[in-house]
Structure formats: structure tokens, C-alpha cells
Amino acid sequence: MESAGPSTHHIVPDVTSDSMTSRDYYADSYAHFGIHEEMLKDTVRTGSYRAAIINNGHLFKGKTVLDVGCGTGILSMFAAKAGASHVVGIDMSNIIDQAQKIIEANGFKDTITLVKGKLEEAELPIDQFDIIISEWMGYFLLYESMLDTVLLARDKYLKPKGLIFPDTAKLLFAAIEDQDYKEEKINFWDNVYGFDYSCIKDIALREPLVDTVELKAVVTDPYVIKEINLLTATKEDLTFTAPFSLVATRDDYVHAFLAWFDIVFDCTHKKVKFSTGPHAQYTHWKQTVFYTPSTITIKKGQEITGEISCAPNKRNNRDLDIAISYAVGGEEEETTVDYKMY
Ligand SMILES: C[S@@+](CC[C@H](N)C(=O)[O-])C[C@H]1O[C@@H](n2cnc3c(N)ncnc32)[C@H](O)[C@@H]1O
């Protein structure tokens, strides 16, 4: 009987990324198509970039564009379709081998030049660009983010008065009621088949959780803890301490803080923006949950005040050290929790 499935003996590896092993994929996490599939299928993400670029042909027509971290080349192709005179896409991952085939298959060979390498070390075929496009955002906006690279690209390659897509990012904060899930994820360690595993509870609590949160769990107004203007921000701005004040919208209990980010393409004609918050359509960034050691009781109108600080970890600058200090209703007693995203 003939098999209905594809026959694998026809597949002959012809370039490096086709012959990668699991160890290579571990070292080059962007090389596998799966991560790009997730990003491409995130229609909020990719659709927003498409709208910002394609619907703003008047900004792209005849312009040179640098795509920082081009991946499969999707943003480069949007820019070429929007009328850019030339696009340079750079990526340090082997996925760029596929991107080269993709741009050729779609007729962009003459308009898009791809460069394989780390932006920080590469030689680009054009010295100065009119526009930089990049999708650099990580969980909690800054975790494993490549914003430093985009800022470096701006300082080295963007013409004076050049544009950056997107150009504004905001990090927001709120408090949530999350009894059931906290029970499942944190308090679970108190009693594992009758044994005391509580040493892990403390570690689990300090590791922020990336997950989707329902809007009805949010019990305070949101608060903007950080706004980044990509045209002016410096690398040093990405290490920060910011105060917050969260006003309760109802009587309830608080089990965690919640963070998410909003992105704006401020230079577009009709401003393109999207949010990764609990009120918005799902994105692969979800939201980030920071469980508190004990439950907080709040009354409508009462404030939780405090500050959040965020810094790249000294030993591994892709990890984030986040500290949250808070007090309820003007009380003097403050709680501080050190979290680590890694
Ligand atoms: C979030 S993905 C975005 C891919 C693509 N632009 C898209 O929108 O689908 C970021 C890409 O940037 C690349 N990257 C990260 N840091 C880089 C650096 N310093 N130099 C060059 N490429 C980098 C990664 O390999 C990855 O493919």
C-alpha cells in the first residue's frame, strides 16, 4: 500500500541550517522555523508591523531601510512592498539562509540585501539609512530583548531625522486577584504527596510567570512604569527604578502584580499601536505575573504604592533582576521581593 505521508528520502540538506543538530538549535534558538512560525502567526504583532509599514508608503517610498534582526525577512518584504529603494536585513541566526530563499522566491532579490552576522560586528553595504525597522521586544518588554542592539544600530546607521518602526514602548503595571492559580503554582510546593517541598516555593515565587491573565482578575487601574522613546533612549535608560501607585477598582484580595507592554508606531499617518495587556487580543508575549509572598487585602479606592526596579543581571545580561517594593494604603511597613527572569 502506498503511504500518504511525505517521503523523507527526497530531502537533501544543501545549506548549514538544513543540517543542524539539536545542539546547534540550542545555541541558535532562532534557527528553527518553529519560533518564527509562532511570531508570524501572532497576527497582532505581524499585522501591526504590516499596517505600520504598508499603509505608510509615503514614508517608505524611495527610502533606504535597515531591518535589525530580520529573521525570515517578513519586515524587509513589507518595507520593499511599501516602496523602499533598498532594504538591508541583518540576522545572526542561521534562519537567514531561509530568509535568502524566501526573498528570492518572492522576487525581492534586487531590492533586499541580507547580511548574516551580529549587527554589532557586521559591515553593512549601506552606511546611513532613512528608516530602521525591528521587532526586538521580549517578555516583560525587556527580557532577552535586543533593544540595546536597535539603539546601537540607531546611533551608528540612522540618518539625522531618520525614523524607527516602532518608536514608542510603554511598560504597564497592575495588581490581580489570582487565588486559584497561585494555589496551583506556588502553594503546591507546601505539600507534595504529603512531603514538605517549601524550599522550592520561595524559588518559584521569585520567578515571574509568563501567562495569559483574564481582564476580570485585574483589581486596580493600570500604571505606566516606563516609557521608552526609541529615538532618544540610551542603553543606560534600560536599567531603571520607577515608582508606582495602583488604585483599587473594587474590594478584593491581591495575589500578584501584573506587567505588560504597549507598542506605538508614532510616526505613522494614522497611528498604529497594539497592546499585550489582559484587555487586548492574545499575543505570544502574554503577560508577566509576579506573585506576592502574602495576600494583600484592598478596598475600592485604596492605593498600593511602591517602586519597581529592573536591571540586566550582572553575570548574564540577557537575564533580568527585578525588585518590587510595596506598601498598602499608606502603611509604613513595606515588603520587597527580588525576582529574576531567566
Ligand atoms: C524577535 S525575532 C524577529 C524576526 C523578524 N524580524 C520577524 O519580525 O519575524 C529577532 C531576530 O533578531 C535576531 N537578532 C537578535 N540579536 C541580534 C544581533 N545582535 N544581531 C543580529 N541579529 C540579531 C535573532 O536571531 C532573531 O532572528
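Residues numbered from 1 in each chain as written. Predicted model: local features only at pLDDT ≥ 70, side-chain atom pairs only at ≥ 80, totals over all residues.

In the nomenclature of an unreviewed UniProt entry, the chain is known as type I protein arginine methyltransferase of Suillus subaureus. Per UniProt, the chain has the following entry under Catalytic activity (unreviewed entry): "L-arginyl-[protein] + S-adenosyl-L-methionine = N(omega)-methyl-L-arginyl-[protein] + S-adenosyl-L-homocysteine + H(+)". (UniProt positions renumbered as here; feature names shortened; annotations may be inferred.)

### A short note on unusual backbone geometry
Of note, the bond from Phe165 into Pro166 is cis; its omega dihedral lies within 30 degrees of zero at -5°. Position of Pro166 relative to the elements: it lies in the loop between β5 (158–165) and β6 (168–176). If you check the backbone angles, Lys161 has positive phi at about 70° while not being a glycine. Summarising the element assignment, Lys161 is placed in strand β5. For Lys161, a count of 7 C-beta atoms within 10 Å puts it in the exposed group. At Lys286, a residue that is not glycine, the phi angle is positive and equals roughly 50°. Along the polypeptide, Lys286 turns up in the loop between β11 (272–275) and β12 (287–298). (Helix = DSSP H or I, 4+ residues; strand = E, 2+ residues; numbered from the N terminus. Buried ≥ 20, exposed ≤ 12 C-beta atoms within 10 Å, placed from the backbone.)

### Side note on the UniProt feature "domain: Methyltransferase" (unreviewed entry) in the chain
Under the local residue numbering, the UniProt record ascribes the feature "domain: Methyltransferase" (unreviewed entry) to residues 65–162. The span residues 65–162 carries 31% helix and 27% strand; its end-to-end C-alpha distance comes to 10 Å.

### Quick notes on the site of the ligand
Around the ligand sit 20 residues in total, of which Tyr30, Gly69, Gly71, Ser93 and Glu135 are the nearest. Where the shell around the ligand is concerned, the elements lending two or more residues are α2 (33–41), α5 (74–81) and β2 (86–91). Considering only residue class, the shell around the ligand consists of 10 nonpolar, six polar and four charged. (Near = placed C-beta within 6 Å. Nonpolar A, V, L, I, M, F, W, Y, C, P; charged D, E, K, R; others polar.)

### What about helix α6 (residues 95–105)?
Along α6, the residues classified as buried are Ile95, Ile96, Ala99 and Ile103. When α6 is viewed along its axis, its buried side chains cluster within an angular range of 90° and face the same direction. Summarising the geometry of α6, the exposed residues directed more than 90 degrees from the buried face are Lys101, Glu104 and Ala105. On its buried side, α6 packs onto α2, α5, β2 and β3 (112–116). Within two residues after α6, Gly107 carries a phi angle of roughly 80°, on the positive side. (Arc of directions from axis to C-beta. Contact = placed C-beta atoms within 7 Å.)

### Observations concerning the sheet that holds strand β9 (residues 240–247)
Spatially, β9-β13-β14-β15 is the arrangement adopted by the four strands of the open sheet, whose pairing is antiparallel. The open sheet terminates on both sides in strands that have one partner only, identified here as β9 and β15 (335–341). On average, adjacent strands in this sheet sit at an angle of 20° to one another, irrespective of strand direction. The pairing of strand β14 (residues 320–328) with β15 spans seven bridges and is classified as antiparallel. Considered in β15, the bridge of Leu320 is made with Met341. (Pairing = 2+ DSSP bridges. Axes fitted to C-alpha atoms, helices over the stretch in contact; angles between N-to-C directions.)

### A look at the UniProt feature "domain: Protein arginine N-methyltransferase" (unreviewed entry) in the chain
Per the UniProt record, the feature "domain: Protein arginine N-methyltransferase" (unreviewed entry) sits at residues 167–329. Between the end C-alpha atoms of residues 167–329 there is a gap of 36 Å, over a span that is 9% helix and 47% strand.

### Digging into the environment of Phe173
Note on placement: Phe173 falls in strand β6. For the pair Phe173 and Ile225, spaced 52 residues apart in the sequence, the C-alpha separation amounts to 6.6 Å. Every residue in contact with Phe173, bar those within four places of it in the chain, is listed here: Pro222, Tyr223, Ile225, Phe244, Phe257, Ala259 and Ile308.

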